[in-house]
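The residues making up each chain are set out below.
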Amino acid sequence: MDQHYEFGTPMGRDRPTNDHDVILKARRQLDITGVKQVESFDNEEFLLETVMGFLSVRGQNLHMKNLNVEQGIVSIEGKVYDLIYLDQNQQDKTKGFFGKLFK
């Protein structure tokens, strides 16, 4: 019985944990936990701030099926092309030849 309660909240209200899961089903249904905030979204890209960094979801005909801010859960439907974690420390390392040339 490992329950965590948020200080200053009514009894029985669970504190959000730092768990972060990404579940993709048939490239059409994406469930993400550990979401702090939805930064931006449209039908081709979602930018989410998660407990493990920023996550970019790109695809076609994307739409938000479910959003629960208190629990940090986001569900997205549509054709998912890629999931990319954006790490500011890695940006310089991953730049290609032209990215370094035109700094």
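For the structure itself, consult the block above.
So, how was this worked out
Residues numbered from 1 in each chain as written. Predicted model: local features only at pLDDT ≥ 70, side-chain atom pairs only at ≥ 80, totals over all residues. Heavy atoms only, no water. Helix = DSSP H or I, 4+ residues; strand = E, 2+ residues; numbered from the N terminus. Contact = heavy atoms within 4.5 Å. Areas by Shrake-Rupley, 256 points an atom, 1.4 Å probe, with all protein chains shown as cover. Pairing = 2+ DSSP bridges. Axes fitted to C-alpha atoms, helices over the stretch in contact; angles between N-to-C directions. Core = buried A, V, L, I, M, F, W, Y, C linked by side-chain atoms within 4.5 Å. Buried < 20%, exposed > 50% of the residue type's maximum accessible area, 1.4 Å probe, protein only. Salt bridge = Lys/Arg side-chain N within 4 Å of Asp/Glu carboxyl O. Phe/Tyr/Trp six-rings, centres within 6.5 Å; stacked < 30°, edge-to-face > 60°.

Let us now look at the overall build of the protein chain. Scanning the protein chain from N- to C-terminus turns up two helices and six strands. Beginning at the N terminus, the succession of helices and strands in the protein chain can be written as β-β-β-β-β-β-α-α. Long-range contacts, defined as pairs at least 24 residues apart, comprise 37% of the intrachain contacts of the protein chain with a sequence gap of at least 6. Looking at the protein chain as shown, the accessible area adds up to about 7800 Å², and 50% of this sits on carbon and sulfur atoms.

Turning to the sheet that holds strand 1 (residues 22-25), a few remarks are in order. What links the strands of a sheet is backbone hydrogen bonding, and the strands pair in either a parallel or an antiparallel sense. Reading across from one edge, 1-2-6-5-4-3 is the order of the six strands in this open sheet, with antiparallel pairing throughout. Taken across any chain shown, the strands that pair with only one partner, and hence form the sheet edges, are strand 1 and strand 3 (35-41). In this sheet, adjacent strand axes meet at a mean angle of 35° when their direction is disregarded. Here four bridges tie strand 1 to strand 2 (residues 29-33), and the two strands are oriented antiparallel to one another. From the neighbouring strand, Leu24 faces strand 2, where its bridge partner is Leu30.

This part is about the nonpolar core. Leu30, Ile32, Val35, Phe46, Leu48, Leu55, Val57, Leu62, Val74, Ile76 and Val80 together form the largest nonpolar core, which totals 11 residues. When residues of this core are traced back to their parent elements, those giving at least two are strand 2, strand 4 (45-50), strand 5 (53-68) and strand 6 (73-86). Leaving out residues up to four positions away in the same chain, Leu30 has contacts with Val22, Ile23, Leu24, Val57, Val74, Ser75, Ile76 and Leu83.

Inspection of every chain in the model, using the stated rule, returns three salt bridges. Ionic pairing is found between Glu77 and Lys65, a salt bridge with its closest N-O pair at 3.7 Å. Taken together, the residues Glu77 in strand 6 and Lys65 in strand 5 connect sequence positions 12 residues apart.

For the structure on display, the rule yields one aromatic pair. Aromatic pair Phe41 and Phe46: ring centres 5.2 Å apart, planes at 20°, arrangement stacked. Its relative accessible area of 0% is what places Phe46 among the buried residues.

Spatial relationships are all this shows, so hold off on functional conclusions.
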